[in-house]
Amino acid sequence: MSEPLLTQLTDTPCKLGEGPVWHEGALWWVDIKQPSLHRLAGGVKTGAYQRFALPEPVGAAVPTEGGDWLVGLKSGVYRFTPETAALVPFAVLEADMPGNRLNDGKVDPSGRFWIGSMDDAENAPTGQFYCLSGSPPRIETLPVQFTVTNGLGWSGDGRRMYLTDSANRTIFYAPYDPDTGQTGERGIFAQLTEEEGYPDGLCVDADDHVWSCHWDGARITRYRPDGSRERVLSVPFNRPTSCCFGGADLRTLFVTSAQDAMGKGGFIWSINAINQPNNVTYASIQGVKSTLFDG
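For every chain, the first residue of its written sequence is number 1, and the numbers climb from 1 along that sequence. For this predicted model, a pLDDT threshold of at least 70 governs which residues receive local features, and a threshold of 80 or more governs which side-chain atom pairs are given and counted, while totals over whole chains, interfaces and linings are taken from all residues. Side-chain metrics in this entry use all non-hydrogen atoms of the structure; hydrogen atoms and water are not considered.

A. Structural view of the overall build of the protein. Counting its secondary structure elements, the protein contains 0 helices and 24 strands. Our radius of gyration is a C-alpha quantity, and the globule rule it is checked against amounts to 2.2 Å times the number of residues to the power 0.38. Relative to the 2.2 N^0.38 estimate, which gives 19 Å for 295 residues, the radius of gyration of the protein is 17 Å and therefore close to what a compact globule would have. Reported as C-alpha extents along the three principal axes, the dimensions of the protein are approximately 55 × 45 × 40 Å. The contact definition used throughout considers only heavy atoms, calling two residues in contact when any of these lie within 4.5 Å. Counted over contacts in the protein with a minimum sequence separation of 6, partners at least 24 positions apart contribute 44%. Computed with a 1.4 Å probe, the accessible areas rest on the Shrake-Rupley method; for each residue, only the protein chains presented here act as cover. Total accessible area on the protein stands at roughly 12,200 Å², and carbon and sulfur atoms take up 50% of it. Helix numbering and strand numbering both begin at the N terminus, where a helix is a DSSP run of H or I of at least 4 residues and a strand a DSSP run of E of at least 2.

Here it is, written out as structure tokens:
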């Protein structure tokens, strides 16, 4: 059996790399604490690399149908054009909560942008999720009282939503209406032990399995739709933060990471050649194309 092939794609570390997105033949991600959006052509080490500076901590960036990006900064959501550095206000969120910032965000299968807020000091359960649709945006609020909102995703049919409470080591699921964006009562999908670290960003593959990164756990877990663990991948860095599938066939798993207390980590990685238990290669597992914000 061959072992998973891990390739370090970047040489300069992020302080807090997050939010990978495969878009138009390139891997994109953000560095929250050194505010910037990054692009690596082809998702390969030899690809052309670009860094686009941002003025505030950035929790997430998602591409739009209009060709620009939505970026979740500390002061709100903005439209951002990387090529010109144009930054246009789109939605002000939590102007009355200066201790909060925006964190992880994803676009649902119907083109809505979901983004969570959190206490920047990671002490108080002041986090909520916001759903933005259209332009100018209609804003719906999902009060969750998480300390660190994180790890969003949806099943292939759009009828189940995943959302993560990192501080409490819990991934939740909830019924989801793709026509309205409304959620039902949430239940526990997975919980981590102290030794396993904290659940961070996640993605959902074409088989409706959930891949979740473990902050301070040096691993990525693939969960079946019923929440049982299908496999655990060990990685050579303590703080994997999020993941997505990309490449021409959507069969490469890209992983962002953050620097740990010792200053190690923060690089971007690709993972290929992961074996399944029956010794069939990883080629039978692939991701799904990311949805663009429709607004």
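B. Inspection of the side chain of Glu196 at higher detail. As for its position among the elements, Glu196 is in the loop between strand E17 (187–191) and strand E18 (198–204). Two N or O atoms count as a polar contact when they lie within 3.5 Å, although within protein this holds only if one can serve as hydrogen donor and the other as acceptor, and sequence-adjacent residues are included solely when both atoms are side-chain atoms. One polar contact links Glu196 to Arg229, side chain to side chain, over a distance of 2.6 Å. Contact partners of Glu196, with chain neighbours within four places excluded, come to Gln191, His214, Gly217, Arg219 and Arg229.

C. Quick look at the environment of Val288. With respect to the helices, strands and loops of the structure, Val288 is situated in the segment after strand E24 (269–272). Remark: the alpha-carbon pair of Val288 and Trp211, spanning 77 residues in sequence, is separated by 13 Å. Beyond its immediate chain neighbours, meaning those up to four positions away, Val288 contacts Val204, Asp205, Ala206 and Leu250.

D. Highlighting unusual backbone geometry. Omega for the bond connecting Ser135 with Pro136 falls within 30 degrees of zero, at 0°, which places this linkage in the cis form. Tracing the chain through its elements places Pro136 in the loop between strand E12 (127–133) and strand E13 (138–146). Phi is positive for Gln145, close to 55°, though the residue is something other than glycine. Along the chain, Gln145 turns up in strand E13. A 1.4 Å probe rolled over the protein chains alone gives each residue an accessible area, and that area as a share of the maximum for its type sets the label: buried under 20%, exposed over 50%, partly exposed in between. On the accessibility criterion, Gln145 (62% relative accessible area) is exposed.

E. Inspection of the pattern of salt bridges at higher detail. Just to be clear on terms, a salt bridge is a Lys or Arg side-chain nitrogen sitting within 4 Å of an Asp or Glu carboxyl oxygen. Applying the stated criterion to the full structure yields 14 salt bridges. Arg219 serves as the salt-bridge partner of Glu195, at 3.0 Å between the closest nitrogen and oxygen. Taken together, the residues Glu195 in the loop between E17 and E18 and Arg219 in strand E20 (residues 219–223) connect sequence positions 24 residues apart. Among the residues examined, Arg219 registers a relative accessible area of 17% and is labelled buried. With a closest N to O distance of 2.7 Å, Asp216 and Arg239 form a salt bridge. Of the two residues, Asp216 is situated in the loop between strand E19 (210–215) and E20 and Arg239 in the loop between strand E21 (229–234) and strand E22 (240–246); the sequence distance between them amounts to 23 residues. For Arg239, a relative accessible area of 16% translates into the label buried.

F. Just the sheet that holds E19, in detail. Only strands that DSSP links by at least two bridges are regarded as paired with each other. Spatially, the 4 strands line up as an open sheet ordered E18-E19-E20-E21, and their pairing is antiparallel. Each having just a single partner strand, E18 and E21 make up the two edges of the open sheet. Averaged over all adjacent pairs, the angle separating strand axes in this sheet is 25°, with direction ignored. As paired strands, E19 and E20 are joined by 5 bridges and run antiparallel to one another. Following the sheet pairing, Trp211 is matched in E20 by Arg222. Between N-to-C directions, angles cover 0 to 180 degrees, with each direction set by a line fitted to C-alpha atoms, over the stretch in contact for helices.

G. Representation of the packing of aromatic side chains in the model. Here the aromatic set is Phe, Tyr and Trp, taking the six-membered ring for Trp, and pairing holds for ring centres within 6.5 Å; pairs whose planes are under 30 degrees apart are stacked, those over 60 apart are edge-to-face, and all others are tilted. Within the structure shown, the criterion is met by 13 aromatic pairs. Here the aromatic rings of Trp22 and Phe254 are separated by 5.6 Å at their centres, their planes lie at 5°, and the arrangement is stacked. Of this pair, Trp22 sits in strand E2 (residues 17–23) while Phe254 sits in strand E23 (residues 252–257), and the two are 232 residues apart along the sequence. A centroid spacing of 5.1 Å and a plane angle of 20° characterise the contact between Phe237 and Trp269, whose relative ring orientation is stacked. Separated by 32 residues along the polypeptide, Phe237 in the loop between E21 and E22 and Trp269 in strand E24 bring together distant segments of the chain. In textbook terms, an aromatic cluster arises when at least three aromatic residues are bridged by ring pairs, as seen for Trp28, Phe52 and Trp69. By definition, being over a ring means that NZ of Lys or CZ of Arg is both within 6 Å of the ring centre and within 35 degrees of the ring normal. Stacked on the ring of Tyr173, the Lys or Arg Arg160 has its end atom at 4.5 Å from the ring centre. Sitting over the face of the ring of Phe172, Arg186 holds its NZ or CZ atom 5.2 Å from the ring centroid.

H. Structural view of the layout of surface pockets. Points on a 1 Å grid, built from protein atoms alone, make a cavity when a 1.4 Å probe fits but cannot get out and make a pocket when they are open with protein on both sides within 12 Å along at least 5 of 7 lines; residues with an atom within 4 Å of a point are the lining residues. Grid points are joined across faces, edges and corners, and a volume is the space filled by probe spheres set on the points. Computed from the structure, the largest pocket encloses a volume of approximately 690 Å³. Considering the residues around the largest pocket, the lining is formed by 36 residues, among which Val107, Val288, Lys289, Ser290 and Thr291 are closest to the centre. Elements that contribute at least two residues to the lining of the largest pocket include exactly E2, strand E6 (58–63), strand E10 (100–107), strand E14 (149–154), E18 and E22. Looking at which element gives the most residues to the lining of the largest pocket, the answer is E2, with 5 residues. Asp, Glu, Lys and Arg are counted as charged, while Ala, Val, Leu, Ile, Met, Phe, Trp, Tyr, Cys and Pro are counted as nonpolar; the rest, among them Gly, fall into the polar class. When its residues are assigned to classes, the lining of the largest pocket shows 21 nonpolar, 10 polar and 5 charged. In terms of lining residues, the second largest pocket is bounded by 21 residues, among which Leu16, Glu122, Val148, Asp200 and Trp215 are the most central. The dominant element in the lining of the second largest pocket, judged by the number of residues it contributes, is E18, at 3 residues.

So far we have only geometry, and geometry alone does not tell us how the molecule works.
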